[in-house]
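Each chain, written out:
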Amino acid sequence: MQDIIEQLRAKQAAARLGGGEHRIKQQHLKGKLTARERLAVLLDDGSFEELDMFVEHRSTDFDMADQKIPGDGVVTGYGTINGRLLFVFSQDFTVMGGSLSEANAEKICKIMDQAMKVGAPVIGLNDSGGARIQEGVASMGGYAEIFQRNVLASGVIPQISVIMGPCAGGAVYSPAMTDFIFMVRDSSYMFVTGPDVVKTVTHEAVTAEELGGANVHSTKSGVADLAFENDIEALLLTRKFFDFLPANNREKSPRWPTDDPGSREEPSLDTIIPDDPVQPYDIKEVILKVADEGNFFELQPDYAQNLVIGFIRLQGSTVGVVANQPAVLAGCLDINSSRKGARFVRFCDAFNIPIFTLVDTTGFMPGITQEYGGIIQQGAKLLYAYAECTVPKVTLITRKGYGGAYDVMASKHLRGDLNFAWPTAEVAVMGAKGAVEIIFRKDLGDEQKIATRTEEYQKKFANPFIAASRGYIDDIVMPHETRERVCRAFAMLRDKKLENPWRKHGNIPL
């Protein structure tokens, strides 16, 4: 008995040591935590239950029989964040560069399967050199097994990927199919082919950071939802983010206590809209003043900044926010913002998270670049997402709701439950000047006539009354009472039930 206990303790010690003190030191010199240190920061103290600590690879080729470490380069198990269950895997770069073996993949698949059975989220901490070359197709098969589970879990349990080191080649497609991707600046990167291959094929000289670093994916490609300064910040804010999410698609998000009354008024909102209709303002001010305790967890803040997305709480409950940003491109919708918004709306709908939409948009972005890039199909993604969405939808038009973009942004016509407008709202096909120049083209040389016609158009359409008279706007609210009216609306809609016609799945314009 004592011999077995000693063997157990030896294997446990070997697993916890990973690749050894030297490689752990190298990891720290790069400013990175080890796999187990990351779990200690992410999870509640003492909550982690490790599974498959003693799993080893089964490869014998290329002297691999002599290179076995218990755990085989990934730490898997379950634990809690603020008392709520989740499953987690953390790749260990100190063990063969965190490379994925067949056994390694089986460990990840096991916790994903278990997460699906019990209805709990999965968080993956990625730090891997990719497929274990010595195992060949067995390693590639392991990736495919993970991909399959990512797809089956999509829309069933939340999946979060935190990229904390290299993630290249086929490995990138697992995070790409999860719901959110967070990266760490200067230490993480994602790309399908590395700098050496790029140089060979396209003759472009580029560094790993320039090709697929956190700044690239959080500002240019839109692949990453957030980029953090270091491991600690990434893990602590992942904990904070996790609190907004439900455990699975059959539950609602957790409700957290708040001392912020739903009836709170915000007088400053009465003066936030400038008198000049072309002067910008920051829509984030409105979001912060409506949210519980001014808390807004924004996603993709540096990508497609003309659309703002993220989570707030209203009376303690999670609400997804989608808002045009008049301070960037006049809040118009373009290719990138349409994709950004559509994916977020679909996530909220999949996980029973109500959506609050703030509208101030001049329409869709015109131009050759947009048309050649497929703005028709890309814009239709956002339209499709809102039209398909069955969760409670409350919409507020703060200023401009022009053209097709008015329709797309959770309008009454797309089953918006309650649609409000401020007195400053304008619901029209386009701005007064542009409309008059089209309608009265023959009078373009007569400035007096054009000015008169423009004033006439403004009086008729540069207000919310026509839309309200048709029932497209449910009520015109004073800005200072926005929080109270929106809180009441979502409270009324809490038990809303709406189902789409049965189908295997729709055919969203991908």
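K.L.:
Sorry if this is basic, but what is going on with a nonpolar patch on the surface here?
P.N.:
Taken together, the side chains of Y78, L85 and V118 define a hydrophobic patch exposed on the protein surface, amounting to about 230 Å² of accessible area. The topology assignment puts V118 in helix α4 (residues 102-118).

K.L.:
Before we go on, may I ask you to explain the packing of aromatic side chains in this structure?
P.N.:
Each pair of aromatic rings is reported with the distance of its centres and the angle of its planes. In total, this model carries 15 aromatic pairs according to the counting rule given. Residues F241 and F311 carry aromatic rings whose centres are separated by 5.9 Å and whose planes lie at 45 degrees to one another, so their mutual orientation is tilted. Taken together, the residues F241 in helix α10 (residues 231-242) and F311 in strand β11 (residues 307-314) connect sequence positions 70 residues apart. Here F241 matches F311 in class, with each residue buried.

K.L.:
Sorry if this is basic, but what is going on with the sheet that holds strand β2 (residues 74-81) here?
P.N.:
Within a sheet, neighbouring strands are paired by backbone hydrogen bonds and run either parallel or antiparallel to one another. Judged by pairing direction, the sheet is mixed, and its seven strands sit side by side in the order β1-β2-β3-β4-β5-β7-β9 without closing on themselves. Edge positions in the open sheet fall to β1 (49-51) and β9 (226-228), since each of these has one partner strand only. When the angles between neighbouring strand axes are averaged without regard to direction, this sheet yields 20 degrees. When strand β3 (residues 84-91) meets strand β4 (residues 122-126), the two strands line up parallel, connected through four bridges. Paired with F89 across the two strands is G124, which belongs to β4.

K.L.:
What am I meant to see in the pairing of strand β15 (residues 418-421) here?
P.N.:
The two faces of the sheet receive side chains in turn, since in a regular strand these alternate between them. Alternating positions in β15 separate into two faces, L418 and F420 on one and N419 and A421 on the other, with burial throughout. Pairing analysis gives four bridges linking strand β14 (residues 393-402) to β15, with the strands arranged parallel. Along β15, the bridge assignment pairs I397 with A421. With helix α15 (residues 403-408) bridging β14 and its parallel neighbour β15, the resulting β-α-β unit is right-handed. Of the pairings in the sheet, the one linking β15 to strand β17 (residues 475-476) comprises two bridges and is parallel in character. When the sheet's bridge partners are listed, F420 is paired in β17 with D475.

K.L.:
Is there a simple way to think about the side chain of Q370 in this case?
P.N.:
Positionally, Q370 belongs in helix α13 (residues 368-372). In this structure the side chain of Q370 is engaged in a polar contact, spanning 3.0 Å, whose partner is the backbone nitrogen of I335. Those residues in contact with Q370, other than ones at most four positions away along the chain, are D334, I335, M365 and I375.

K.L.:
Hey, could you run me through the environment of T207 in this one?
P.N.:
For T207, the position within the fold is in the loop between α7 (195-202) and α8 (208-212). T207 gets classed as partly exposed once you look at its relative accessible area, which sits at 40%. C-alpha separation for the pair T207 and D196, spaced eleven residues apart in sequence, amounts to 9.0 Å.

K.L.:
It is not clear to me how the nonpolar core should be interpreted in this structure. Could you clarify?
P.N.:
One broad rule of soluble globular proteins: the nonpolar side chains tend to lie buried together. Core analysis: the largest hydrophobic core is formed by 58 residues, its most contacted members being I123, F182, F241, L299, F311 and V322. Residue contributions to this core peak at five residues, all from helix α12 (residues 335-350). Ignoring any residue separated from it by four or fewer positions in sequence, one finds V322 in contact with L307, V308, I309, F344, V345, I355, F356, T357, L358, Y386 and M409. Core analysis: the second largest hydrophobic core is formed by 29 residues, I287, V319, A323 and V477 among them.

K.L.:
Just to check I follow, could you spell out the packing of α12 against helix α14 (residues 375-388) for this structure?
P.N.:
Angle between the axes and distance between the axes are the two parameters that describe a pair of packed helices. As a packed pair, α12 and α14 sit with axes 8 Å apart at the nearest point and diverge in direction by 20 degrees. By the angle between their axes, α12 is roughly parallel relative to α14. Where α12 crosses over α14, the two elements pack in a sense that is left-handed. Along its contact with α12, which presents I335, S338, R339, G341, A342, V345, R346 and D349, the element α14 presents I375, Q378, G379, K381, L382, Y384, A385, Y386 and E388. Among the residues making up the contact of α12 with α14, the classes are represented as eight nonpolar, four polar and five charged.

K.L.:
Help me out: how do you make sense of α4 in this one?
P.N.:
Each turn of an α-helix holds 3.6 residues, which means side chains three or four residues apart point in the same direction. Relative to the 24 Å expected for 17 residues at 1.5 Å per residue, α4 spans 25 Å between its end C-alpha atoms, a close match to the ideal helical length. Among all positions of α4, only A103, N104, A105, K107, I108, C109, I111, M112 and A115 are buried. For α4, the secondary structure elements touched by its buried residues are β1, β2, β3, β4, α5 (137-153) and β5 (159-163). Immediately beyond the C-terminal end of α4, within one or two residues, lies G119, with a positive phi of roughly 75 degrees.

K.L.:
Just checking my understanding: could you explain the state of the cysteines for this structure?
P.N.:
Simply put, the disulfide is a covalent bond whose two ends are the sulfur atoms of two cysteines. Tallied over the full model, the rule gives zero disulfides. Among the cysteines around C109, which has no disulfide bond, C167 carries the closest sulfur, lying 15 Å off.

K.L.:
How should I be thinking about the packing of α4 against α5 in this particular structure?
P.N.:
It is at 8 Å that the axes of α4 and α5 come closest, and there the two elements cross at 15 degrees. Viewed along their axes, α4 and α5 adopt a mutual orientation that is roughly parallel. As for the relative orientation of α4 and α5, their crossing is left-handed in sense. Residues E102, A105, I108, C109, M112, D113 and M116 of α4 pack against A138, G142, E145, I146, R149, N150, L152 and A153 of α5. Here the contact of α4 with α5 is composed, by residue class, of nine nonpolar, two polar and four charged.

K.L.:
What should I look at first to understand the pairing of β14 in this one?
P.N.:
With ten of its ten residues buried, β14 lies for the most part within the structure. Both strand β13 (residues 355-361) and β14 contribute to a ladder of six bridges, which runs parallel. Bridging from a neighbouring strand, V359 pairs with I397 of β14. Here β14 pairs with strand β16 (residues 426-428) via three bridges, running parallel. Looking at β16, one finds that Y402 is bridged to A428.

Calculation criteria
Residues numbered from 1 in each chain as written. Predicted model: local features only at pLDDT ≥ 70, side-chain atom pairs only at ≥ 80, totals over all residues. Heavy atoms only, no water. Patch = residues over 30% accessible without salt bridge, like charges linked within 9 Å, V, L, I, M, F, W, Y side chains within 5 Å. Areas by Shrake-Rupley, 256 points an atom, 1.4 Å probe, with all protein chains shown as cover. Salt bridge = Lys/Arg side-chain N within 4 Å of Asp/Glu carboxyl O. Helix = DSSP H or I, 4+ residues; strand = E, 2+ residues; numbered from the N terminus. Phe/Tyr/Trp six-rings, centres within 6.5 Å; stacked < 30°, edge-to-face > 60°. Buried < 20%, exposed > 50% of the residue type's maximum accessible area, 1.4 Å probe, protein only. Pairing = 2+ DSSP bridges. Axes fitted to C-alpha atoms, helices over the stretch in contact; angles between N-to-C directions. Right-handed = clockwise from strand over helix to strand, strands pointing away. Polar contact = N/O pair within 3.5 Å; in protein donor to acceptor, adjacent residues only side chain to side chain. Contact = heavy atoms within 4.5 Å. Core = buried A, V, L, I, M, F, W, Y, C linked by side-chain atoms within 4.5 Å. Parallel < 35°, antiparallel > 145°, perpendicular 65-115°, else oblique. Left-handed = near helix turned anticlockwise from the far one by under 90°. Nonpolar A, V, L, I, M, F, W, Y, C, P; charged D, E, K, R; others polar. Expected span 1.5 Å × (residues − 1). Disulfide = S-S within 2.5 Å.

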